[in-house]
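Residue strings, one per chain:
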Amino acid sequence: MNKILNPKPVQKLAAMLAASYASKLWVAIFFFVAVQSIALAQTKVVTGRVTTPDDPEGLPGVSVVLKGTTTGTTTDLDGRYEIQVPNTGATLVFSFIGFVTEEEAVENRSQIDVQLSAQLQDLGEVVVVGYGVVKKSDLTGSVVSVRNEDLTAIPVTNALEVMQGKVPGLDLTKSSGQAGAGLNLRIRGNRSLNASNQPLVLVDGIIYGTSMDVNPNDIASIEVLKDAASTAIYGTLGANGVILITTKRGSKGKAKVSLNSYYSVQSLESYDHIMTASEWVDLRRESRRTVGEWSGPEDDANIFVPQQLENFQNGIYSDWASELLSNGSQQNHQVSVAGADDKVSYYFSMEYFDEKSLFKNDEFERYSGRMAVDYKVSPKLQLSTSLMYTLRDQDRRRDPLNWANKISPLGPAYDEEGNVIPLPLGDATTVNPLNDEQPGNYVDNEVNRRFFGNISLDWKPTTTVAFTSRLGLDNTNSRRGVFMGVNTIDVGPDGMTVARATNNLFSRLTWENFATYSKGFGDHDLQVLLGQSIWRTNSESYFAEGLDLLSPTMLFYNLGAAQQGIRINSSLSESALASFFARVNYKYKNKYLFNGVLRTDGSSVLAPGNKWGFFPSAAVSWIMKEEGFLANSSTVSEMKMRLSYGVSGNSGVDPYQTLGGLSKSTYAWDQGSSEVAAFGYYPSLIAASNLGWEETASLNIGLDFGFFNNRLTGTLDLYEQNTSGLLMERAVPATSGFTSSWDNIGKTRNRGVEVMLSSVNVDSRSGFSWNTDVTFARNKEEIIELVEGDRDLANGWFVGYPISSYFDYEKIGIWQLGEESQAEQNQQVVGEIKVRDQDGDGIITPDDRKILGSNVPRFNLGINNRFEFKGIDLTVFVFARDGNMIVSEAYGSYKIDGRENGPRVDYWTPENPTNAYPRPNAGTSPGNARYFSTLRYADGSFIKIRDITLGYNLPLSVLEKLSISRLRVYATAKNFFVWSNMDGYDPERGGNLSFPMTRQLMLGINVDL
């Protein structure tokens, strides 16, 4: 043992006693007692408990050592420890593999509780990849993991939303503020012109899709695979990138019950304001003044409906948008139970989610249950299952703002008794947008039932061989019913009631078998994977519609009661894919790595003779930190270079394109009033008999690094992706009897740079810590080759520019007073839109159009800061997109003729010579006004503080009194701060006015029992 006092005085005392006493036994006893008494007088016992943010129940096996000595102990199964230390100057060191080492000065404390945090960029961390897992240090491809606190840091409807701004190269935006709204996401840009550009999303190895119903609290990790070395194992399925979601399973120990719940209030974040009653009256007057029909208020009777004029004079008007919009809410409640013993592990969870948007009758509800069970039949054989059932019940609201934003505000919404006035404007055609809200007058309801799961067998006959067989099933049954009554927006006052119902049945069966051989030979490590996969989809659809129901109370439940306009339809679509794949991972001396993948896919949707494609990839990696020149560096903690190249395929077109198709046509025989329609069919789709694979060749160069004991870590990736043989619908000569045909033509390219940085800014002994994560991505997307020439005006495609580019005249202002002669040269007058003469010939022609911009941002940026201090945590996340152009519905909905209302704009008049919008003119219309389309383009760049979350974890002393392991309360503010060039509008919405974005204030609680 280590002696902690000077023994010489004791030895002298023992010698004196030895001279007086002959018995050596008494001398030894006295010496031992004396030493121990002095030692004990100068030491004390310290106890405590070691936990983690993810496991407050305690972390077993943690090493607790007295600094500067070999004296130490380890924590027990509950994370508790006991150690004897000196009274003064003692420091305890707490360490465990995969966690940041902590030091605590003992001082005058007898109990020290410590919370260990996961080590940033721990290269021993296991990362999920296709058909297996690897250590992060052994990755050769571009893979980004999202896990731990990032998965549940913010409450979201769709679990994929947590990745916004946290994965470089993933461009993700929310589609709208509608209840249950989906996401727009792309990995490293768009590649295909007509085929799908959506990434592959898998849950526990089975294809799931981007409509994500898995609760984030049920997810263990999300991995995003971006380059060919990572995605090639999925062949055609991974052409647009891969997102792997791994759900939680039970872990050994006593049963753990978790409760997670939050409630939020949703309010209108931002909106382009519509003209008030007086502003619209001024617009209408000015439009008539321009054509000489109005010169003063005395002419109002000539340009307004009498009742509307009377309402205006009496101050009676409505702000229709304000009548429709109100606060919404969102709530989520989830409970889970997990545990395991030597034979069985289990995880059960249930969830309820409800969202009410800003509009009445726009609501989304979700009920889901999940079960994961692993049973160890023997030390070599394990059976596993993961099952999930989801019920989605969604009420959709017909976009009321489209109608409310254009009708006259000069009318009351309600009568004196508070009832909605069906026709509020004194005419027989303009219905009240509030009519759709009346009970039973408009219903659009969809019920979706989904069973998703898999069963698998894992067999390990030897220590080097493992085999997995997995069967997955995805089965969805959905019904959507729509009823529109009289006086609704779509039917109007004179129309007939409409009822329709659609039933869809979808199933996907996946069966995969793969075996892995792993062996180490001295300095060599080898892993070989062989496998096969097949999946088959079946989609059935049934549609029926009728008009003029016998009773509106039937809604869409009795279509047989429709008296007119009966339509029926049904369809069947089937597709299949068969695949064989192999992968080799080789490592030499723990610093040189090689990865090779071969995969061949056969797709049923392609033409005979072209159904099979071959997709190889190769990657190498060099762990420079293991080399002599860096091995002993105190500055460089980690350093690794990666290089990969591979080819992936895409067959993302609808089935039967290679077979041709027929369309239904109605024929008449001129038999007068007794005419009975006759139906026939005509060839409408030419067979694409040579349709083959669209292929993408991808090159990626990457660098992973860590400095200063990994206080600063990050990755840098440079890539280029070239796609050829694009799956595209091309025009064919009309003499063929067809208009278009599918073919493999054209090329595109994506080049980009991605950066991810993580830093530990402050990590003090006082308990205060500050960590920062930064992601940056820049992607240049461009078309390299088209069918003919450098442009396809019909589709808006141009060589050298992104797929979605905007080609139009360039607005430079409004023709002003004094510029009459210049305007006349272009057959225009002052007050009209002035555009740039690009070729300088003095005449504006179609050749003066140019590419104005694209919806592809120049870069995406995410900055996430996390602060922690004694149980308090604060997270602030900033997200930005820059350089993308959007088509603004508000900017382009200016009603130049004054016939309808529209967004508030600054228009030109002789008294207000602005350069923003042209002069109102009742003699034209938005469809006929020259260069009117140039008004709609807007800079879609924005910066927003997307989330601010403040949380508090109750201390251990309080938790023990409550007999619970963890209790955290938090508040989150979402989308409260947005900066852009579009005042009053969030460009993330993409330019549309319907279902504006919302901001949310949330309160939540997390409890572990």
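Being a predicted model, the structure only gives us computed values, none of them experimental.

Parameters at a glance
Residues numbered from 1 in each chain as written. Predicted model: local features only at pLDDT ≥ 70, side-chain atom pairs only at ≥ 80, totals over all residues. Heavy atoms only, no water. Helix = DSSP H or I, 4+ residues; strand = E, 2+ residues; numbered from the N terminus. Buried < 20%, exposed > 50% of the residue type's maximum accessible area, 1.4 Å probe, protein only. Contact = heavy atoms within 4.5 Å. Areas by Shrake-Rupley, 256 points an atom, 1.4 Å probe, with all protein chains shown as cover. Lys, Arg positive; Asp, Glu negative; His and termini not counted. Charge placed at Lys NZ, Arg CZ, Asp CG, Glu CD. Core = buried A, V, L, I, M, F, W, Y, C linked by side-chain atoms within 4.5 Å. Arc of directions from axis to C-beta. Salt bridge = Lys/Arg side-chain N within 4 Å of Asp/Glu carboxyl O. Pairing = 2+ DSSP bridges. Phe/Tyr/Trp six-rings, centres within 6.5 Å; stacked < 30°, edge-to-face > 60°. Expected span 1.5 Å × (residues − 1). Polar contact = N/O pair within 3.5 Å; in protein donor to acceptor, adjacent residues only side chain to side chain. pLDDT = per-residue confidence, 0-100.

### Quick look at the overall build of the protein
Here is step 1 of the chain: Helices and strands together make up the secondary structure of the protein, namely 13 helices and 50 strands.
Here is step 2 of the chain: Principal-axis analysis of the C-alpha atoms places the extent of the protein at approximately 135 × 70 × 65 Å.
Here is step 3 of the chain: For the protein, with 1009 residues in total, the buried portion stands at 50%.
Here is step 4 of the chain: Across the protein, the fraction of contacts at a sequence separation of at least 24, relative to all contacts at a separation of at least 6, is 68%.
Here is step 5 of the chain: Put simply, the protein shows about 45800 Å² of open surface, and 55% of that area lies on carbon and sulfur atoms.
Here is step 6 of the chain: Placing the 92 positive and 115 negative side-chain charges of the protein at their respective mean positions leaves the two points 10 Å apart.

### Regarding the nonpolar core
Here is step 1 of the chain: Membership of the largest hydrophobic core comes to 36 residues, with the highest contact counts inside it found for Tyr-234 and Leu-691.
Here is step 2 of the chain: Those elements that provide at least two residues to this core are strand S8 (126-129), strand S13 (200-203), strand S16 (242-247), strand S25 (524-549) and strand S26 (562-588).
Here is step 3 of the chain: Among the elements that take part in this core, S8 stands out by supplying three residues, more than any other.
Here is step 4 of the chain: Counting 29 residues, the second-largest nonpolar core is a separate cluster that includes Val-144, Tyr-208, Ile-219 and Val-224.

### Side note on helix H7 (residues 306-313)
Here is step 1 of the chain: Listed as buried for H7 are Gln-308, Leu-309 and Asn-311. For H7, the buried positions fall inside an angular range of 160° around the axis, keeping them on one side. Counted as exposed and oriented over 90 degrees from the buried face of H7: Pro-306 and Gln-313.
Here is step 2 of the chain: Contacts made by the buried residues of H7 are with helix H5 (277-290) and helix H6 (300-303).
Here is step 3 of the chain: Gly-315, located one to two residues past H7, shows a positive phi value of around 70°.

### Re the pattern of salt bridges
Here is step 1 of the chain: Scanning the model with the defined rule gives 48 salt bridges in all.
Here is step 2 of the chain: Residues Glu-627 and Lys-591 are paired through a salt bridge, measuring 3.3 Å at the closest nitrogen-oxygen approach. Taken together, the residues Glu-627 in the loop between strand S28 (612-623) and helix H10 (628-631) and Lys-591 in the loop between S26 and strand S27 (592-603) connect sequence positions 36 residues apart.
Here is step 3 of the chain: For Lys-591, a relative accessible area of 14% puts it in the buried group.
Here is step 4 of the chain: With a closest N to O distance of 3.1 Å, Lys-834 and Glu-819 form a salt bridge. Taken as a pair, Lys-834 in strand S42 (residues 833-835) and Glu-819 in the loop between strand S41 (811-814) and helix H11 (820-825) lie far apart in primary sequence, 15 residues in all. Residues Lys-834 and Glu-819 agree in their burial class; the two are buried.
Here is step 5 of the chain: Members of the salt-bridge network, linked through shared partners, are Asp-213, Glu-351, Arg-366 and Arg-392.

### Regarding the sheet that holds strand S15 (residues 219-225)
Here is step 1 of the chain: Sheet architecture is open: five strands sit in the order S10-S15-S16-S13-S14, paired in mixed fashion. Pairing within the sheet leaves two strands with one partner each, and these edge strands are strand S10 (143-147) and strand S14 (206-207).
Here is step 2 of the chain: By the bridge criterion, two bridges tie S13 to S14 in an arrangement that is antiparallel. Bridged to Leu-202 within S14 is Ile-207.

### Regarding the sheet that holds strand S1 (residues 43-51)
Here is step 1 of the chain: Read from one edge to the other, the open sheet built from three strands follows the order S4-S1-S7, with strand pairing classed as mixed. What marks the edges here is a single partner per strand, and that holds for strand S4 (80-86) and strand S7 (114-115).

### A short note on the packing of aromatic side chains
Here is step 1 of the chain: One pass over the structure, following the stated rule, counts 28 aromatic pairs.
Here is step 2 of the chain: Measuring from centroid to centroid gives 4.7 Å for Tyr-208 and Phe-452, while their planes differ by 75°, and the two rings are edge-to-face. Within this pair, whereas Tyr-208 is found in the loop between S14 and S15, its partner Phe-452 is found in strand S22 (residues 442-459), the two being separated by 244 residues in sequence.
Here is step 3 of the chain: Given the relative accessible area of 4%, Tyr-208 is considered buried.
Here is step 4 of the chain: Taking the relative accessible area as the measure of exposure, Phe-452 reaches 4% and is therefore buried.
Here is step 5 of the chain: An angle of 40° between the planes, with centres 4.3 Å apart, marks the rings of Phe-556 and Tyr-557 as tilted.
Here is step 6 of the chain: On the basis of relative accessible area, Phe-556 is assigned to the buried category, the value being 5%.
Here is step 7 of the chain: For Tyr-557, a relative accessible area of 60% puts it in the exposed group.

### Re the pairing of strand S23 (residues 465-484)
Here is step 1 of the chain: One ladder, built from 18 bridges, connects S22 with S23; its direction is antiparallel. Bridge pairing links Asp-458 to Thr-468 in S23.
Here is step 2 of the chain: Linking two consecutive strands that pair antiparallel, namely S22 and S23, is a turn of five residues.
Here is step 3 of the chain: Judged from the 20 bridges that link them, S23 and strand S24 (residues 498-521) form a sheet pairing that is antiparallel. Residue Met-484 lies in a different strand from S24, and its bridge partner there is Val-498.

### Details of the environment of Lys-589
Here is step 1 of the chain: Here Lys-589 shows up in the loop between S26 and S27.
Here is step 2 of the chain: A C-alpha to C-alpha distance of 24 Å links Lys-589 and Gly-714, two positions 125 residues apart in sequence.

### Considering H5
Here is step 1 of the chain: For H5, built from 14 residues, the straight-helix expectation of 20 Å at 1.5 Å per residue is met to within 8% by its first-to-last C-alpha distance of 20 Å.
Here is step 2 of the chain: Among all positions in H5, only Ala-277, Trp-280, Val-281, Leu-283, Arg-284, Arg-285, Glu-286, Ser-287 and Arg-288 are buried.
Here is step 3 of the chain: Summarising the contacts, the buried residues of H5 are in contact with H6 and H7.
Here is step 4 of the chain: Once H5 finishes, Gly-292 follows within two positions and takes phi at roughly 80°, a positive value.

### So, the side chain of Asn-197
Here is step 1 of the chain: Here Asn-197 lies in the loop between strand S12 (183-187) and S13.
Here is step 2 of the chain: At a separation of 2.8 Å, a polar atom in the side chain of Asn-197 contacts the main-chain amide nitrogen of Arg-191.
Here is step 3 of the chain: A polar side-chain atom of Asn-197 sits 2.9 Å from the main-chain amide nitrogen of Ser-192.
Here is step 4 of the chain: Apart from residues no more than four positions distant in its own chain, Asn-197 is found in contact with Arg-186, Asn-190, Arg-191, Ser-192 and Asn-240.

### Overview of the confidence of the model for the protein
Here is step 1 of the chain: Confidence along the protein averages 88 in pLDDT terms, with 94% of residues attaining 70 or more.
Here is step 2 of the chain: Note that residues 1-41 has pLDDT below 50 and, in this model, 20 contacts with residues that lie over four places away or in other chains.
Here is step 3 of the chain: Contacts of residues 120-124 to residues separated by more than four positions or lying in other chains number twelve contacts, the stretch itself having pLDDT below 50.

### A closer look at the environment of Glu-365
Here is step 1 of the chain: When you line up the elements, Glu-365 lands in strand S20 (residues 363-378).
Here is step 2 of the chain: The spacing of Glu-365 and Leu-391 is 26 residues in sequence and 8.1 Å in space, taken between C-alpha atoms.
Here is step 3 of the chain: Leave out the neighbours within four places in its chain, and Glu-365 touches Tyr-352, Phe-353, Asp-354, Leu-391, Arg-392 and Asp-393.
Here is step 4 of the chain: For Glu-365, the side chain forms a polar contact with the side chain of Tyr-352, separated by 2.7 Å.
Here is step 5 of the chain: A distance of 3.4 Å separates the side chain of Glu-365 from the side chain of Tyr-367, its partner in a polar contact.

### Details of the side chain of Ser-336
Here is step 1 of the chain: Summarising the element assignment, Ser-336 is placed in strand S18 (residues 328-340).
Here is step 2 of the chain: Beyond its immediate stretch of four places on either side in the chain, Ser-336 contacts Lys-256, Val-257, Ser-258, Tyr-347, Phe-348 and Ser-349.

### Details of unusual backbone geometry
Here is step 1 of the chain: Of note, Glu-107 is a non-glycine position whose phi angle comes to about 55°, a positive value.
Here is step 2 of the chain: With respect to the secondary-structure elements, Glu-107 resides in the loop between strand S6 (102-105) and S7.
Here is step 3 of the chain: Judged by relative accessible area, Glu-107 falls into the exposed class, the value being 58%.
Here is step 4 of the chain: With phi around 55°, Lys-589 is a residue other than glycine that occupies positive phi space.
Here is step 5 of the chain: Accessibility expressed as a relative area gives 38% for Lys-589, which makes it partly exposed.

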